Amino acid sequence: MKAWRRPPGEADQQVWDQAPEEYPAEAESGGEQAGWVTVSPGAVANVSAVLRWGAWLLLIAGPLLAVAAFLRPVAAAGAPAPAPKSSVVVRDTSGPAGFAQLYVAAYVEAGKGTEASLAPYYPLMRDISLQAEPGAQHADRLAAVRVTQASPGYWSVTVAALVIPSSKNGAASGQTTQGGSQDEAGAGPVLRYFQVPVKAAGTGGGYEAAALPAEVAAPATGGEAPQLDYGAPVPADTHDPAVATISEFLAAYLTGGGELDRYLSPGTSLVAVSPAPYTKVSVTQLAEQGGDFAANAPVTEGARRELLVDVAATGTDGQVRPLTYALALKARAGRWEIAAVDAAPRLNTSKENQS
């Protein structure tokens, strides 16, 4: 399509002839006037087609780009990159302790010809020969009493074991050592201590011993009784509302006599001991935290008391055994209720710090 313009008349010719060079007069060139853009219908159609196809491409690519952006993991601004998974296995001391107990039990009973029984614990045992008679003694009531980490993945475990001679070696209890004194080790059960080096075996959670056990002395103790944060104990008075609540609660808790929930403060959840190990429970004395026990204390709404309670419990075998409970009482609706059975009595930390 050609852009049309009226040709200048004679009146305008003089002005047109005086036009500066940057505005040249129109000249014929191939049937078209110079200075004017001539666009053919085919070119217009081509441009329209290009624009139309470009619009279609944008419409199609838009959703695809949005899906790709949604699926692409993008870290939040300022958020640290996720740490790579570590191959280090975190271990607590219960594993080494249990392994050491099993190892000591097998070690005490092993003897000549049964060395293979120790190989699962101590791989180098295949190259060691034992001289003692197998089964001459066995270990009972084993317990790990100390676990010390020597280095990452390596522990020293001290195991207490009640070593008992076998019945076939009972005559050994009358034997004497070369010094003439009676052999106390053969006289009966003896509590002995063995120190075991335990090493982590790979990352699968297994363990192995690094050496044979070493018998050691009993771990030293402080020699002083722990100081509890309670006043002097006083005999129990069954007419005291707090004592009555405690007696009824413990009877339901230990003998199965009565419903337990009726003695519990709201929010406290406890389950009675089952099967019931005792037939009778009586409170013998009580002590209160922070001072002397307040007998017949007023039941002020929301008041809380921490008590140490001594109990005489008669078992199903008729034997009477003493027990001690750390209990928390809370006042509600004019009566005392059990708010908690503490895991341990409260220590007087101020006395420990002074010592």
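Residues numbered from 1 in each chain as written. Predicted model: local features only at pLDDT ≥ 70, side-chain atom pairs only at ≥ 80, totals over all residues. Heavy atoms only, no water.

1. A word on the overall build of the chain
The condition that has to hold: Helix and strand definitions here come from DSSP, where helices need a minimum of 4 consecutive H or I residues and strands a minimum of 2 consecutive E residues; each element is numbered from the N-terminal end. To measure how exposed things are, a 1.4 Å probe is used in the Shrake-Rupley method; for residues, cover is taken only from the protein chains shown.
If you tally the helices and strands in the chain, you get 5 helices and 12 strands. With an accessible surface of roughly 23200 Å², the chain has 56% of that area assigned to carbon and sulfur atoms.

2. Some words on the nonpolar core
Counted only if it meets this: Here, nonpolar core means buried Ala, Val, Leu, Ile, Met, Phe, Trp, Tyr and Cys residues that are tied together by side-chain atoms lying within 4.5 Å of each other. A 1.4 Å probe rolled over the protein chains alone gives each residue an accessible area, and that area as a share of the maximum for its type sets the label: buried under 20%, exposed over 50%, partly exposed in between. Pairs of residues are marked as contacts when any of their non-hydrogen atoms sit within 4.5 Å.
Judged by nonpolar contacts, the single largest core of 26 residues is most densely connected at Ile246, Phe249, Leu250, Leu286 and Val309. When residues of this core are traced back to their parent elements, those giving at least two are α4 (241-255), β9 (278-288), β10 (304-315), β11 (320-332) and β12 (335-341). The element best represented in this core is α4, accounting for 8 residues. Beyond its immediate chain neighbours, meaning those up to four positions away, Leu286 contacts Ala232, Pro233, Val234, Ala236, Val243, Ile246, Phe293, Leu307, Leu308 and Val309. By size, the runner-up hydrophobic cluster in this structure holds 24 residues, among which are Tyr122, Val159, Val196 and Ala200.

3. A few points about the sheet that holds β9
Operational definition: When DSSP locates at least two bridges between a pair of strands, those strands are taken to pair. Here an axis means a line fitted to C-alpha atoms, over the contact stretch when the element is a helix, while the angle between two N-to-C directions is reported on a 0 to 180 degree scale.
Strand order in the open sheet formed by 5 strands is β8-β9-β10-β11-β12, with antiparallel pairing between adjacent strands. The sheet terminates laterally at β8 (234-235) and β12, the two strands that pair on one side only. Relative to β9, β8 runs antiparallel, the two being bridged by 2 bridges. Across the sheet, residue Pro235 finds its bridge partner in β9, namely Gln285. Contacting β9, β10, β11 and β12, α4 crosses the sheet at an angle of about 145° to β9.

4. Description of the side chain of Asn348
As for its position among the elements, Asn348 is in the loop between β12 and α5 (349-354). Contacts of Asn348, omitting those with residues within four sequence positions, involve Gln227, Leu228 and Asp229.

5. Some points on the packing of aromatic side chains
Inclusion rule: For this analysis, a ring pair means two rings from Phe, Tyr or Trp (six-membered ring only for Trp) whose centres lie within 6.5 Å, classed as stacked if their planes differ by under 30 degrees, edge-to-face if by over 60, and tilted for the remaining angles.
Summed over the entire model, instances satisfying the criterion amount to 8 aromatic pairs. Judged by centre distance (5.8 Å) and plane angle (55°), the rings of Phe99 and Tyr121 are tilted. Residue Phe99 is located in helix α3 (residues 94-109), and its partner Tyr121 is located in the loop between α3 and β3 (137-151); the two are separated by 22 residues in the primary sequence. For Tyr121, a relative accessible area of 18% translates into the label buried. For the pair Trp155 and Tyr207, a centre-to-centre distance of 5.9 Å together with 70° between the ring planes defines the contact as edge-to-face. Placement of Trp155 in strand β4 (residues 154-165) and of Tyr207 in strand β6 (residues 206-209) is noted, with a sequence separation of 52 residues between them. Given a relative accessible area of 5%, Trp155 falls into the buried group. Taking the relative accessible area as the measure of exposure, Tyr207 reaches 17% and is therefore buried. By the ring-pair criterion, three or more aromatic residues cluster together here, those being Phe99, Tyr103, Tyr121, Trp155 and Tyr207.

6. What about the pattern of salt bridges?
Quick note on the threshold: Think of a salt bridge as a Lys or Arg side-chain nitrogen and an Asp or Glu carboxyl oxygen that are within 4 Å of each other.
With the rule as written, the count across this model stands at 7 salt bridges. For the salt bridge of Arg346 with Glu306, the shortest nitrogen-to-oxygen distance reads 3.5 Å. With Arg346 in the loop between β12 and α5 and Glu306 in strand β10, the pair connects residues that are 40 residues apart, well separated along the chain. Arg346 sits in the partly exposed class, given a relative accessible area of 34%. Ionic pairing is found between Asp317 and Arg321, a salt bridge with its closest N-O pair at 3.5 Å. The exposure class of Asp317 is partly exposed, given its relative accessible area of 47%. Connected via shared salt-bridge partners are Arg304, Glu306 and Arg346.

7. Description of the pairing of β11
Sheet analysis places β10 next to β11, joined by 11 bridges and oriented antiparallel. Directly across from Arg305, in β11, lies its bridge partner Leu329. Counted between consecutive antiparallel strands, the loop separating β10 from β11 contains 4 residues, among which Gly318 sits at a positive phi close to 85°. By the bridge criterion, 6 bridges tie β11 to β12 in an arrangement that is antiparallel. When the sheet's bridge partners are listed, Leu327 is paired in β12 with Val341. Remark: 2 residues form the turn of the hairpin made by β11 and β12, two consecutive strands paired antiparallel; Ala333 in that turn has positive phi of roughly 55°.

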